[in-house]
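Here's the letter readout for the chains.
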Amino acid sequence: REGALADYHRALLIEPGEPRLHNNIGAVMESLGRFPEAHASYLAALQLLPNHRTALVNAALLEQRAGRLAEAGGRLAM
C-alpha cells in the first residue's frame, strides 16, 4: 500500500488536477488507518469535481464513522 501511495503522489506531480488520483490516495490512506488524511484527500477530489460520486460516498462514510452524521447526510444529499 505504501508503494501505491508513492505512485499516486508521483502521478499527482504530473496531473495535480485529476480528482481520481486524490480519491485513490484517500482510499489508500483509509486502508492504512490514516483517516484525517483520507478525508482530506476525498475533499480535495471533491473540490476538483464536486459531483465525483465515489469521493462523495467515501467522504460521507468517514464522516459517518466519526459520528458526524449531519455532515455525512448533507454530503449525500448533494
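Residues numbered from 1 in each chain as written. Predicted model: local features only at pLDDT ≥ 70, side-chain atom pairs only at ≥ 80, totals over all residues. Heavy atoms only, no water.

**Observations regarding the side chain of Asn 23**
Quick note on the threshold: Secondary structure counts use DSSP, requiring at least four H or I residues in a row for a helix and at least two E residues in a row for a strand, with both numbered from the N terminus. Partly exposed describes any residue whose relative accessible area lies between the buried limit of under 20% and the exposed limit of over 50%, with all areas from a 1.4 Å probe on protein chains only and scaled to the type maximum. Any pair of nitrogen or oxygen atoms within 3.5 Å is treated as a polar contact; in protein, a donor-acceptor pairing is required on top of that, and neighbouring residues in sequence qualify only through side-chain atoms on both sides. Should any heavy atoms of two residues lie within 4.5 Å, those residues are considered in contact.
With respect to the element layout, Asn 23 can be found in helix α2 (residues 19-31). You can call Asn 23 buried: its relative accessible area is 5%. Only 3.0 Å separates the side chain of Asn 23 from the side chain of Asn 58, close enough to count as a polar contact. Ignoring anything within four residues of it in the chain, the contact list for Asn 23 reads Ser 41, Tyr 42, Ala 45, His 52, Thr 54, Ala 55 and Asn 58.

**So, the confidence of the model for the protein**
Interpreting fine coordinate detail is not advised for predicted regions of low pLDDT. Selection rule: pLDDT expresses, on a scale from 0 to 100, how confident the predictor is about each individual residue.
For the protein, per-residue confidence averages 95 on the pLDDT scale, and residues scoring 70 or more make up 99% of the total. Taken element by element, the protein is modelled with least confidence in helix α5 (residues 69-76), mean pLDDT 91, and with most confidence in helix α3 (residues 35-48), mean pLDDT 98.

**As for the packing of helix α4 (residues 53-65) against α5**
Stated formally: Where helices are involved, their axes are fitted lines through C-alpha atoms of the stretch in contact, as for all axes, and angles between N-to-C directions lie from 0 to 180°. Should an angle fall under 35 degrees it is called roughly parallel, over 145 degrees roughly antiparallel, and 65 to 115 degrees roughly perpendicular, with every other angle called oblique. The handedness criterion is simple: a crossing whose near helix is rotated anticlockwise from the far helix by less than a right angle is left-handed, and one whose near helix is rotated clockwise is right-handed.
At a closest axis distance of 8 Å, the pairing of α4 and α5 adopts a crossing angle of 165 degrees. It follows from the interaxial angle that α4 and α5 lie roughly antiparallel. Pair α4 / α5 crosses with left-handed handedness. The segment α4 lies against α5, with Leu 56, Val 57, Ala 59, Ala 60, Glu 63 and Gln 64 engaging Leu 69, Glu 71, Ala 72, Arg 75 and Leu 76.

**Considering the nonpolar core**
Heads up, the rule is: Buried residues of nine kinds, namely Ala, Val, Leu, Ile, Met, Phe, Trp, Tyr and Cys, make up a nonpolar core once their side-chain atoms join them within 4.5 Å.
Counting 14 residues, the largest nonpolar core has Leu 5, Ile 25, Met 29, Ala 38, Tyr 42 and Leu 46 as its most contacted members. Within the residue set of this core, elements represented by two or more residues are α1 (2-14), α2, α3 and α4. When residues no more than four places from it in sequence are discounted, the contact partners of Leu 46 are His 52, Ala 55, Leu 56, Ala 59 and Arg 75.

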